[in-house]
Amino acid sequence: MKARQITTLIRILVLSVGVALALSGVLPLLIRALADAKPSIEVNFDNTGPRQVEDTTQKAIVRDYSAAWQAIAAALANNNQAPLRQNFAGFALDQLTQRVKDQQSNGVKTRIIDHGHKVEAIFYSKDGSAMQLRDTASIETQVLEGDTVIHSDQAQIQYYVVMTSAEDRWKLRVMESAPGK
Amino acid sequence: MRTLILFLLITAVCWFAVDSANAGDLRLPQNAVAGQPISIGVGGDGDGTLYLIGPSQVIKRNVKQGNEVQIPGEELRSAGRWIAILRRGASQSETFWVNPGPPENLSFLARPSRVPVSQQNAISGTVFLFDKFNNWVLQPVPVNFNLSVNGAGISRVVTSRNGVAWIETSSASREGAAQFIASVGSASVRRVIQQVASQPCNLRMHVSQRTQTRIIVETDPVRDCTGNAVPDGTIVTFTQNDKKGRSTVDARIKKGIARAELPASDNAMISVAAGYTLGNELHVGGGQ
């Protein structure tokens, strides 16, 4: 009887270890897949002023804002500035580049798991060169020291951004998070 | 079996106790402002590491038991959402907000750089406000816009909304380099908008010379409707119609006047136009 119990216990232990191993392999893959996927972005252009947003510009903004968030996630997760250059300019590029450098020198990384953005275009300049967006983003943020997660939180964060037209795309030029109203 | 469960329970309790002792508590500032010093209270026992992760920077500090961590103003440069993480065995973390400082830098987009006079809402100015660390100031701030040519012009105060203030205004009736200035407190940015003459107005021409083989026509000084001289280089088109057909000459204004040489004709109708302005017509030949 006792021997049988021990056998059952060992079986359970082996099974638990197996499940734990499988999960430890699959979870990071899943997280990476989620991080690499294009974030879902809904933009409302109905209340934009003083100029109406053209159809082609609407499509370009959705495409390029989404690409900008992908670039942020990639840059902060790998401490690599390269993804930022294509999608950012001006102050936003300077600030994110500095963040990547600081992360590198302090031995931390940030993993962003993007759960989607509800965006409102609130200003489109008369000359069509700059657009301001207000984004309510659902973001899960994990901070890693080496491979250890030392912080994790999920929050709705409000971002204000300015995008300006560049040679072949809209680039994110200014970005700031603000407490939600 | 019981012994095993008891052993596991004791281990869990010890683990929890060690964690609780290490964790301590973080006391974060409620109204932090970029450029101003903050202090972060760290409770609990033992030494550890404090990470402060902001939108554009990461600050790392070693902390000792019961000490306050001081972050000087020049180091707290980034406004927005910050994460404070205390590493002492286990980690404890909280988020806090840093507000931007007062506006000290303006980003001023003035369009267009060259504009005809007396155009309705032809000039626009957009200002984005930043503090000294280039954090975007989202709080409402009154922005003063001033547009003047030779001392005369308009001045308007617009309160920024979500970090942006903008105006739209008409160009003045006199040509010249308009000074377009946006200012907040002691910070100001100047742009120059060249206001140029508008479309020609009351375009008139006359025959200045006539020979056996040619007719030379020239305009009076070409001006817009408010009397500004239309810039040299502007194209004026002279068209001659007679029984041989049509002759067209595109002439540039030179020293305020456009001039063209047309083939001689004993019965021709000559017209002049510039842009969408039609001038007078001349009948050449016959009795003239």
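Reading the values: rules and limits
Residues numbered from 1 in each chain as written. Chains lettered and ligands numbered in written order. Predicted model: local features only at pLDDT ≥ 70, side-chain atom pairs only at ≥ 80, totals over all residues. Pairing = 2+ DSSP bridges. Helix = DSSP H or I, 4+ residues; strand = E, 2+ residues; numbered from the N terminus. Domains from an automatic or database assignment. Contact = placed C-beta atoms within 7 Å. Nonpolar A, V, L, I, M, F, W, Y, C, P; charged D, E, K, R; others polar.

K.L.:
How do you make sense of the pairing of strand β22 (residues 245-252) of chain B when you look at a structure like this?
P.N.:
Two faces belong to every sheet, and in a regular strand the side chains alternate between them. All names here are of chain B. Inspection of the sheet shows strand β21 (residues 235-242) paired to β22 by eight bridges, in the antiparallel sense. Directly across from Thr239, in β22, lies its bridge partner Thr248. As consecutive antiparallel partners, β21 and β22 are separated by two residues.

K.L.:
Hey, could you run me through the domain arrangement of chain A in this one?
P.N.:
How big an interface is tends to be expressed through the accessible area that disappears when the partners come together. Assigned domains of chain A: these are domain 1 (1-36) and domain 2 (40-178). With centres defined by C-alpha atoms, the gap from domain 1 of chain A to domain 2 of chain A works out at 38 Å.

K.L.:
Teacher, can you tell me more about the environment of B:Pro72 here?
P.N.:
Along the chain, the position of B:Pro72 falls in the loop between β6 (68-71) and β7 (80-88). In this structure the C-alpha to C-alpha distance between B:Pro72 and B:Gly35, which are 37 residues apart in sequence, comes to 7.9 Å.

K.L.:
Before we go on, may I ask you to explain the interface of chain B and chain A in this structure?
P.N.:
Taken together, the contacts link 32 residues of chain B with 33 residues of chain A. Elements with a contribution of two residues or more to the side of chain B that touches chain A: β4 (48-54), β5 (57-63), β7, β8 (90-99), β9 (105-111), β11 (123-130) and β14 (164-169) of chain B. At five residues, β7(B) tops the list of elements feeding residues into the side of chain B that touches chain A. Among the residues forming the side of chain B that touches chain A, the class breakdown is 14 nonpolar, 13 polar and five charged.

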